[in-house]
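# Per-entry structural report
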Amino acid sequence: MERIPILRMGEFLLVTIQVDMHDRTALALQDDLTSRIADSGARGVLIDISSLDIVDSFIGRMLANIAAMARVLDAATVVTGMRPAVAITLVELGLELPGVRTALNVEKGMALLRRALPPAEVELDEDDAPGAAHAPDAAPPPGGTKGAHARRED
Amino acid sequence: MRVVKTETYAVRTDADVVQVRQAVRSWSAELRFTLVDQTKMVTAASELARNAVVYGGGGIARLETLDDGARRGLRVVFEDQGPGIPDIELALRDGFTSGNGLGLGLGGARRLVNDFDVRSTPGQGTSVTITRWA
């Protein structure tokens with residue numbers, strides 16, 4: 001059976017649904033994501049559905065379930081990229097997606113997830129360790145150019 | 001009213017539901033439905049195809065392109081030989097489900113199309129017909 005890949009980016013898990021999912025594929029994604037949140041301690045999940053033609057009640061339920069399970073595991077969920085025609089259809093179908101936060105695109109979705117985290121945690125993740133800084137070109141360290149070259153990455 | 005084109009698909013598995021969705025998408029596009037109308041028709045078909053698999057024990061979906069002289073439309077008939085629906089009015093109500101669904105399938109599908117017809121005989125099966133005009 002086809003499985004939807006889950007990518008890890010720092011504190012977050014990213015999923016892009018790019019196929020017309022079988023119901024079993026949707027259920028597998030729900031299970032896989034829940035396990036990955038627990039294993040990785042991820043604090044947020046972003047699900048991009050910009051490639052999806054439709055969201056019917058089954059896929060809607062999957063999204064709502066993922067958001068609910070993530071919340072229990074202390075992670076926020078955001079669904080991004082819903083097409084306008086899909087949004088119109090969802091509302092007429094009567095689907096409400098309780099507890100699912102949405103954003104227009106992945107960039108806005110990531111911003112939303114970052115805001116959902118306490119500020120200290122985000123900074124820790126983005127700071128470089130002091131030892132990793134490059135030596136400035138103008139001031140070669142003691143030991144000559146040989147050592148300096150060895151430390152350069154370009 | 002003339003049936004211009006017709007094709008029948010088996011609806012027994014998950015994969016068949018996906019195939020019916022894709023067929024309805026391509027027939028809707030051929031009829032030049034707007035994107036929103038295509039999406040509504042495909043979503044309604046998806047709900048009903050799944051109902052036929054989950055509750056009806058499998059069945060068929062028959063797609064028909066219609067021409068009534070003034071306009072063209074797409075009709076999809078879902079038929080199964082499952083246990084049937086004892087109380088159709090109840091089944092059409094939002095939130096009603098005999099399975100583990102959200103209970104939006106039947107009532108939700110009705111809101112997404114122009115014409116909706118459901119017939120069911122307990123013990124013999126269910127037939128749901130949806131039509132959307134271009």
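Reading the values: the criteria
- Residues numbered from 1 in each chain as written.
- Chains lettered and ligands numbered in written order.
- Predicted model: local features only at pLDDT ≥ 70, side-chain atom pairs only at ≥ 80, totals over all residues.
- Heavy atoms only, no water.
- Helix = DSSP H or I, 4+ residues; strand = E, 2+ residues; numbered from the N terminus.
- Buried < 20%, exposed > 50% of the residue type's maximum accessible area, 1.4 Å probe, protein only.
- Contact = heavy atoms within 4.5 Å.
- Areas by Shrake-Rupley, 256 points an atom, 1.4 Å probe, with all protein chains shown as cover.
- UniProt positions renumbered as here; feature names shortened; annotations may be inferred.
- Pairing = 2+ DSSP bridges.
- Axes fitted to C-alpha atoms, helices over the stretch in contact; angles between N-to-C directions.
- Phe/Tyr/Trp six-rings, centres within 6.5 Å; stacked < 30°, edge-to-face > 60°.
- Lys NZ or Arg CZ within 6 Å of the ring centre and 35° of its normal.
- Buried area = accessible area lost by both parts, 1.4 Å probe.
- Salt bridge = Lys/Arg side-chain N within 4 Å of Asp/Glu carboxyl O.
- Polar contact = N/O pair within 3.5 Å; in protein donor to acceptor, adjacent residues only side chain to side chain.
- Expected span 1.5 Å × (residues − 1).
- Core = buried A, V, L, I, M, F, W, Y, C linked by side-chain atoms within 4.5 Å.

You'll find chain B entered in an unreviewed UniProt entry as Anti-sigma regulatory factor, with Roseisolibacter agri given as the organism.

Per an unreviewed UniProt entry, chain A is named STAS domain-containing protein, and its organism is Roseisolibacter agri.

## Section: the overall build of chain A
From N to C terminus, chain A includes 6 helices and 5 strands. Across the 154 residues that make up chain A, the buried fraction comes to 41%. Here the contacts in chain A between residues at least 6 apart in sequence split such that 71% fall between residues at least 24 apart. Element-wise, carbon and sulfur atoms account for 54% of the exposed surface of chain A, whose accessible area totals about 8600 Å².

## Thoughts on the UniProt feature "domain: STAS" (unreviewed entry) in chain A
The UniProt feature table records "domain: STAS" (unreviewed entry) at residues 2–113 of chain A. The annotated region residues 2–113 of chain A carries 46% helix and 20% strand content, and the separation between its end C-alpha atoms amounts to 28 Å.

## A closer look at the sheet that holds strand S3 (residues 44–48) of chain A
All names here are of chain A. Across the sheet, which stays open at both edges, the 5 strands sit in the order S1-S2-S3-S4-S5 with mixed pairing between neighbours. Sheet topology places strand S1 (6–9) and strand S5 (101–103) at the edges, where each strand pairs with a single neighbour. Averaged over all neighbouring strand pairs, the angle between strand axes comes to 25°, with direction disregarded. Inspection of the sheet shows S3 paired to strand S4 (residues 76–80) by 5 bridges, in the parallel sense. Each bridged residue has a counterpart across the sheet, and for Asp48 the counterpart in S4 is Thr80. Against the sheet, helix H1 (residues 23–40) makes contact with S1, strand S2 (12–16) and S3, and its axis sits at roughly 25° relative to S1, the strand it touches most. Taken strand by strand, helix H4 (residues 106–116) contacts S1, S2, S3, S4 and S5, and its axis lies near 165° from that of S4.

## Here's the deal with the packing of aromatic side chains
Residues and elements named next belong to chain B. As enumerated under the stated definition, the model contains 0 aromatic pairs over all chains in all. Sitting over the ring of Trp27, Lys5 keeps its end group 4.2 Å from the ring centre. Cation over ring: Arg71 sits above Trp133, and NZ or CZ is 4.1 Å from the ring centre.

## Considering the interface of chain A and chain B
Contacts between the two partners involve 20 residues from chain A, matched on the other side by 23 residues from chain B. Summing both partners gives a buried area of about 2000 Å² for chain A against chain B, and 55% of it is carried by carbon and sulfur. Contact with chain B buries area across many residues of chain A, yet Ile54(A), Glu92(A) and Leu93(A) alone supply 27% of it, more than any other trio. Between Arg50(B) and Asp23(A) there is a salt bridge, with the nearest N and O atoms lying 2.5 Å from each other. Across the contact surface, chain A and chain B share 12 residue pairs in polar contact (both at pLDDT 80 or more). When contributions to the side of chain A that touches chain B are tallied by element, the ones reaching two or more residues are H1, helix H2 (57–72) and helix H3 (84–93) of chain A.

## Structural notes on the pattern of salt bridges
Counted according to the given criterion, the structure contains 18 salt bridges over all chains. Across the pair Arg50(B) and Asp56(A) runs a salt bridge, and its minimum N-O distance is 2.8 Å. In this pair, Arg50(B) is assigned in helix H2 (residues 35–54) and Asp56(A) in the loop between S3 and H2, connecting two distinct chains. On the basis of relative accessible area, Arg50(B) is assigned to the buried category, the value being 8%.

## Some points on H2(A)
Residue and element names in this part refer to chain A. Compared with an ideal rise of 1.5 Å per residue, which puts 16 residues at 22 Å, H2 spans 22 Å between its outermost C-alpha atoms and is within 8% of the ideal. Listed in full, the buried residues belonging to H2 are Ser57, Phe58, Ile59, Gly60, Met62, Leu63, Ala64, Ile66, Ala67 and Ala70. Backbone nitrogen of Phe58 and a side-chain oxygen of the N-cap are separated by 3.1 Å at the start of H2; the cap is Asp56. Note on H2: the residue one or two positions beyond its end, Asp74, has a positive phi of about 65°.

## Focus on unusual backbone geometry
Although it is not a glycine, Asp74(A) sits at a positive phi angle of roughly 65°. Assignment of secondary structure puts Asp74(A) in the loop between H2 and S4.

## Here's the deal with the nonpolar core
All names here are of chain B. Membership of the largest hydrophobic core comes to 34 residues, with the highest contact counts inside it found for Val20, Val24, Met41, Leu74, Val76, Phe78 and Ile130. If you list the elements that add at least two residues to this core, you get strand S1 (2–11), helix H1 (14–30), H2, strand S2 (59–67), strand S3 (72–80), helix H3 (88–92), helix H4 (105–111) and strand S5 (125–133). At 8 residues, the largest contribution of residues to this core is made by H2. In this structure Met41 touches Val24, Ser28, Phe33, Leu74, Val76, Val113, Ile130, Thr131 and Arg132, once residues within four positions along its chain are discounted.

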